[in-house]
Amino acid sequence: MRQGSGTRTIQLINHFLSIFKAKKQIIHTSLAFVFAIPISLYIFYVFWGGFARLNPRNFQWIAGDNSLSYLAQLYYLSDEWRFPLSLNPNYGLELSTSLTYTGPPFPLLLIQKIVGLEPELQFIGFWLLLCIQLQIFLGYKIARELRASFLQSALFGVLQITPFFLMRMQIHYWLSAHFLILWAILIFIKYVRFKKFYYFQSIFLLFISYTVHGYLFLFSLMILLLPLIGEFQGNRVKSNNKLKIYFFSLLLTPLITTLLLEGFNSNISLYEKFRMNFTGQYSFYPLNILAPVNPTVGFARDCSEFHCMFGKYIPPEFIDNFSISQIDLGGVQGNEDGYLYLGLGLISLTVAIVVRTSLMLYSRKRSEEHTSELQSRQYLVCRLLLEKKK
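Residues numbered from 1 in each chain as written. Predicted model: local features only at pLDDT ≥ 70, side-chain atom pairs only at ≥ 80, totals over all residues. Heavy atoms only, no water.

## Observations concerning the overall build of the chain
Phase 1: Looking only at helices and strands, one finds 16 helices and zero strands in the chain.
Phase 2: Long-range pairs, those at least 24 residues apart, make up 69% of the contacts in the chain with a sequence separation of at least 6.
Phase 3: Within the structure as shown, the chain displays about 22900 Å² of accessible surface, and the carbon and sulfur contribution to it stands at 67%. (Helix = DSSP H or I, 4+ residues; strand = E, 2+ residues; numbered from the N terminus. Contact = heavy atoms within 4.5 Å. Areas by Shrake-Rupley, 256 points an atom, 1.4 Å probe, with all protein chains shown as cover.)

In structure tokens form, the structure reads like this:
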């Protein structure tokens, strides 16, 4: 009787401890989010020289390609509701009839359209402030998952405001959403710790990243695919139904999102889409996949057509491209980013995944060969003879 009472007491204590631990974690997370607010406001104020960009009626500061996004916003919010939801045919460009290609992010304009706000109002400044806020917060969450203390995690979150992030925030407002990549990394770290698939988080992340920018979507998708490699390496694929659900979730989310936002009908051919995305041509999705072997991208092409930022010639100390070939494979003016637009990080991650998968397959093949050798008749006979000799 006493033993049963003692067991119940221990269970009750463990229950209260788990509740206390959960509440403590919620309090720390809330404090981290609140802590990120003044830091984000300070960074925004210093970097942009004030809060004028948070004024919804101030759109004079929007420049470059981002001004085309603002123009797309005016057409989209002035138009009637359509299906697929992000279609914007009045914008007038053959290759940019969807917000997916032009921006602003669809969720941002969807809220604005549902509420019925004036098309001229811009919330890009709030978007950039939100990117800073979530960058710090998700950096904190990653550090906490890695067992860092509260202060260490807070510092790690602030250090996520890198020079690369600030530079990107000046040029491409939608590519400033680096927090989506941090979110994908956080999901993967939680999988490694708890061996648990986070279906709804992964689906929501893919949907948001798809609507923000194709590069961020690809990067997030590749990180979210890493658990599949881990399960495959552990030979847990056939018996793992949760893994199959996770895989089909990652597969179906972009397809359903494409159907809802863009549809599968297009004004251009499949060949033209391929050429636009993979031959170094400038567009809203210039993957520039040939830039490592195409020298006529970046400032080299711009200077040849007298559009160079340096004038007619490039200074000798300036590296204008990263190509290992000197054969002109085509391109247009405006390819300044080269294959860095695709992202050196994304290219490195792709190579790392391919190498890791190849090594894993090779290791598994060697293991299977070794197992078959151990089970062979010759090995068994030799083992019996050795044991008999002993």
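## A short note on the packing of helix α8 (residues 179–194) against helix α9 (residues 199–212)
Phase 1: In the contact formed by α8 and α9, the axes pass within 10 Å of each other and the chain directions differ by 160 degrees. Classified by the angle their axes make, α8 and α9 are roughly antiparallel. Crossing of α8 against α9: the hand is left-handed. Across from L180, W183, A184, I187 and K190 in α8, the residues of α9 making contact are Q201, S202, F204, L205, I208, S209 and V212. (Axes fitted to C-alpha atoms, helices over the stretch in contact; angles between N-to-C directions. Parallel < 35°, antiparallel > 145°, perpendicular 65-115°, else oblique. Left-handed = near helix turned anticlockwise from the far one by under 90°.)

## Observations regarding the packing of aromatic side chains
Think of a pair of aromatic rings as described by two things: how far the centres are apart, and how the planes are tilted against each other in angle.
Phase 1: Counted by the stated rule, this structure contains 22 aromatic pairs.
Phase 2: Ring plane angle 15 degrees and centroid distance 5.4 Å describe the contact between F59 and Y70, whose orientation is recorded as stacked. Of the two residues, F59 sits in the loop between α1 (2–48) and α2 (65–78) while Y70 sits in helix α2, which places them eleven residues apart along the sequence.
Phase 3: A relative accessible area of 36% places F59 in the partly exposed class.
Phase 4: The ring of Y76 is capped by K113, whose NZ or CZ atom sits 4.3 Å from the centre of that ring. (Phe/Tyr/Trp six-rings, centres within 6.5 Å; stacked < 30°, edge-to-face > 60°. Buried < 20%, exposed > 50% of the residue type's maximum accessible area, 1.4 Å probe, protein only. Lys NZ or Arg CZ within 6 Å of the ring centre and 35° of its normal.)

## With respect to a nonpolar patch on the surface
Phase 1: There is a patch of nonpolar side chains on the surface, built from F83, F247, F248, L251, L252, L255, I256, L259, L260 and F264 and spanning about 980 Å² of accessible area.
Phase 2: Positionally, I256 belongs in helix α12 (residues 241–261).
Phase 3: Accessibility expressed as a relative area gives 47% for I256, which makes it partly exposed. (Patch = residues over 30% accessible without salt bridge, like charges linked within 9 Å, V, L, I, M, F, W, Y side chains within 5 Å. Salt bridge = Lys/Arg side-chain N within 4 Å of Asp/Glu carboxyl O.)

## Observations concerning the pattern of salt bridges
Pairs may arise between side chains of opposite charge once their charged atoms sit close together.
Phase 1: For the structure shown, the criterion picks out three salt bridges.
Phase 2: R82 is the salt-bridge partner of D79, the closest N and O atoms lying 2.5 Å from each other.
Phase 3: A relative accessible area of 13% places D79 in the buried class.
Phase 4: With relative accessibility at 28%, the residue R82 sits in the partly exposed group.

## Observations concerning the side chain of S86
Phase 1: Its place among the elements puts S86 in the loop between α2 and α3 (99–102).
Phase 2: Assessed through its relative accessible area of 0%, S86 is described here as buried.
Phase 3: Within the structure, S86 has its side chain in polar contact with the side chain of S98 (distance 2.9 Å).
Phase 4: Sequence-distant contacts of S86, defined by excluding residues within four places in its chain, comprise Y76, T97, S98, L99, T100, F106, L261 and E262. (Polar contact = N/O pair within 3.5 Å; in protein donor to acceptor, adjacent residues only side chain to side chain.)

## Describing the environment of P254
Phase 1: Here P254 is to be found in helix α12.
Phase 2: For P254, the contacting residues outside a window of four places in its chain are Y210 and F217.

## Section: the side chain of E145
Phase 1: Inspection of the secondary structure puts E145 in helix α5 (residues 124–145).
Phase 2: Residue class for E145 comes out buried when judged on its relative accessible area of 9%.
Phase 3: Separated by 3.0 Å, the side chains of E145 and R193 make a polar contact.
Phase 4: In contact with E145, not counting residues within four places along its chain, are L186, I189, K190, R193 and F194.

## Section: the packing of α8 against helix α10 (residues 214–224)
Phase 1: Contact geometry of α8 with α10 gives a least axis separation of 9 Å together with a crossing angle of 5 degrees. On the basis of the axis angle, α8 is roughly parallel to α10. Contact residues: L180, I181, A184, I185, I187 and F188 in α8; L216, F219, S220, I223 and L224 in α10.
Phase 2: Residues that form the contact of α8 with α10 fall into these classes: ten nonpolar, one polar and no charged. (Nonpolar A, V, L, I, M, F, W, Y, C, P; charged D, E, K, R; others polar.)

## Brief notes about unusual backbone geometry
Phase 1: A cis geometry characterises the amide bond from F83 onward to P84, with omega recorded as 0 degrees.
Phase 2: Tracing the sequence through the fold places P84 in the loop between α2 and α3.
Phase 3: In the segment running from G103 into P104, the intervening peptide bond is cis, with an omega of -5 degrees.
Phase 4: Within the secondary structure, P104 is located in the loop between α3 and α4 (106–115).
Phase 5: Positive phi, close to 70 degrees, is recorded for R147, a residue that is not glycine.
Phase 6: The topology assignment puts R147 in the loop between α5 and α6 (150–158).
Phase 7: R147 gets classed as exposed once you look at its relative accessible area, which sits at 65%.
Phase 8: For K195, which is not glycine, the phi dihedral falls at a positive 50 degrees.
Phase 9: For K195, a relative accessible area of 52% puts it in the exposed group.

## Topic: the confidence of the model for the chain
Phase 1: Per-residue pLDDT for the chain averages 77, and the proportion of residues at 70 or more is 63%.
Phase 2: Ranking the elements of the chain by mean pLDDT puts helix α14 (residues 299–304) last, at 52, and α9 first, at 94.
Phase 3: A low-confidence stretch, residues 279–287 stays under pLDDT 50, and its non-local contacts, those more than four residues away or across chains, total 36 contacts.
Phase 4: Residue range residues 333–342 is modelled with pLDDT below 50. Its contacts to residues more than four positions away, or to other chains, number 39 contacts. (pLDDT = per-residue confidence, 0-100.)

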